[in-house]
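Residues per chain are reported as follows:
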There are 2 protein chains.
Amino acid sequence: MDSEPAPGSTPYDTARAHGRAARRTAALDTASELLERHGPGALTMRRIATELGCSTTVLYTIFGGKSGIAEQLWLEGFDRLDRAVRSVHEPDPLARLTGMGQAYRANALSNRAYYAVMFQRAIPGFEPSAQAYAASLRPLHALAGAVEECIGAGVFAPADPMHIARVLWAASHGAVSLEIVGYEGAIDAEERYECLMRAAAAWFMAGGGG
Amino acid sequence: MDSEPAPGSTPYDTARAHGRAARRTAALDTASELLERHGPGALTMRRIATELGCSTTVLYTIFGGKSGIAEQLWLEGFDRLDRAVRSVHEPDPLARLTGMGQAYRANALSNRAYYAVMFQRAIPGFEPSAQAYAASLRPLHALAGAVEECIGAGVFAPADPMHIARVLWAASHGAVSLEIVGYEGAIDAEERYECLMRAAAAWFMAGGGG
DNA sequence: GCTTTGCTGTAACGCTGTTCTATAACAGTA
DNA sequence: TACTGTTATAGAACAGCGTTACAGCAAAGC
């Protein structure tokens, strides 16, 4: 994160900063593993500290409190989502957009605990900061980029790409969210997801309803 | 709830049962008010007991534990949603369906704390029981009924009403969920909601994509 | 040598859900 | 009236939580 030494810092300072950064990433790795293997309920300060091999005081000096750890996990979750969405490289704009939708669902399903932290307030006291929230919008912008290309290619009717992206995200989120909570059974969840994505996309097509 | 006296019970038993039922509803009223006025975080056993004017032991004898109270609140939330959705009486099937969608959103926005309990796991240890889950599907069936009428009227193409209802619910839930969490700003939330609902509905129209 | 600074472990505080224990209230009975 | 058995309650206690105050330890500066 902030591994660059500040101007005017001594070599000792940088070494210490490196140590700090190492401790920080180690702590986050531990917290992440705990989150994924045992769920958000297992994310307690004492347990993280025990697993990490130190006292809870260390976690407080590094992250300030549990909210600090929660925010890092929140950001990590959105970063994974962003990487998943941006890893779709279909040449056709519409194929890329639908691929992004499938990537969204696949990422959510294989990172359920993270998804719970991101969208279900699974860590009781935590509320993301303004800048963390801003960072979490990156996947949405990726989606908007693909939408813009669809408009440019004449597949979608001209409109505000961000508006369309937000609507598509809402649809995607709704289906995935209900699926993850276990609502209405997971039997035809994939089919429902595909159906809703097609329905939403069709609405914005050129020559459609708009 | 179970206010009918069991066969062979004495008048004293029924009186006592009445007292139990009264205590039960009083406790739920207190919990509900606490939930709505101060959020899910204020729902602690001690606070409910204090507000109610008794010891926590009473709550444990009535509800078994906090999960018992949570489940009742969960059911109450879905009951409110069900009543809101079924209170739409438009004669035209499609108008009734869109009215139900608007009722869904309006109910969620005016019962945010309940919505958090229902869909965001706002009460940490709580998982709804199988029968509570079954009861929560009533609004979905109401939606499916309206869908069925749309199909009968030739507005929608023939298909499984439950499938369509589930897809519509997912779309609705996604938009409302993001709006309630405060995601992507609440500025154009209503417009996005309407847009997504129209998009999803259009997909199932007769002569459309299907 | 000593002091000062940064960091850490321990123990504690106030809170949570839950359970244990002692006590009070009441119907039935001699 | 006095006793018994059931039921229900209040209060204290327990384990766990996030957090913080305090004491101690290592290394840098003089």
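Residues numbered from 1 in each chain as written. Chains lettered and ligands numbered in written order. Predicted model: local features only at pLDDT ≥ 70, side-chain atom pairs only at ≥ 80, totals over all residues. Heavy atoms only, no water.

- In the annotation of an unreviewed UniProt entry, chain A is listed under the name Transcriptional regulator, TetR family and assigned to Haloechinothrix alba.

## So, helix α8 (residues 138-152) of chain B
Residues and elements named next belong to chain B.
So, step 1. Under the 1.5 Å per step criterion, the end-to-end length of α8 is 21 Å for 15 residues, consistent within 8% with the ideal 21 Å.
So, step 2. Along α8, the residues classified as buried are Pro 139, Leu 140, Ala 142, Leu 143, Ala 144, Ala 146, Val 147, Cys 150 and Ile 151.
So, step 3. Looking at the packing, one finds that the buried side of α8 touches α4 (66-86), α5 (93-110) and α9 (161-181).
So, step 4. Looking at the residues trailing α8, positive phi occurs at Gly 154, about 80°. (Helix = DSSP H or I, 4+ residues; strand = E, 2+ residues; numbered from the N terminus. Expected span 1.5 Å × (residues − 1). Buried < 20%, exposed > 50% of the residue type's maximum accessible area, 1.4 Å probe, protein only. Contact = heavy atoms within 4.5 Å.)

## A closer look at the protein's contact with DNA strand C
So, step 1. Among the 16 residues in the neighbourhood of DNA strand C, the closest are listed as Arg20(A), Ser55(A), Thr57(A), Arg46(B) and Lys66(B).
So, step 2. Protein-adjacent atoms of DNA strand C, using a 4 Å cutoff, are sugar or phosphate at a proportion of 51%.
So, step 3. The separation between a phosphate oxygen of DNA strand C and a polar main-chain atom of Ser55(A) is 2.9 Å.
So, step 4. Separating a phosphate oxygen of DNA strand C from a backbone N or O atom of Lys66(B) is a distance of 2.9 Å.
So, step 5. Of all elements in the fold, only α1 (11-38) and α3 (56-63) of chain A together with α2 (45-52) of chain B reach the threshold of two or more residues within the surface near DNA strand C. (Near = heavy atom within 4 Å. Polar contact = N/O pair within 3.5 Å; in protein donor to acceptor, adjacent residues only side chain to side chain.)

## A word on the UniProt feature "DNA-binding region" (unreviewed entry) in chain A
So, step 1. The UniProt record annotates "DNA-binding region" (unreviewed entry) at residues 44-63 of chain A.
So, step 2. In the segment residues 44-63 of chain A, helix accounts for 80% and strand for 0%; the C-alpha atoms at its two ends are 14 Å apart. (UniProt positions renumbered as here; feature names shortened; annotations may be inferred.)

## Re the interface of chain B and chain A
So, step 1. On the side of chain A, 35 residues touch chain B, which itself brings 35 residues to the contact.
So, step 2. Between chain B and chain A lies a buried interface of about 3,000 Å² when both sides are counted; carbon and sulfur atoms form 69% of it.
So, step 3. When the buried area of chain B at its contact with chain A is split by residue, Tyr183(B), Glu184(B) and Trp203(B) rank highest and sum to 21% of it.
So, step 4. In this assembly, chain B and chain A are joined by 0 salt bridges.
So, step 5. Our enumeration of links across chain B and chain A arrives at 2 residue pairs in polar contact (both at pLDDT 80 or more).
So, step 6. Contributions of two or more residues to the side of chain B that touches chain A are made by α4, α9 and α10 (189-203) of chain B.
So, step 7. The greatest single-element share of the side of chain B that touches chain A, amounting to 12 residues, is contributed by α9(B).
So, step 8. A per-class count over the side of chain B that touches chain A returns 21 nonpolar, 8 polar and 6 charged. (Buried area = accessible area lost by both parts, 1.4 Å probe. Salt bridge = Lys/Arg side-chain N within 4 Å of Asp/Glu carboxyl O. Nonpolar A, V, L, I, M, F, W, Y, C, P; charged D, E, K, R; others polar.)

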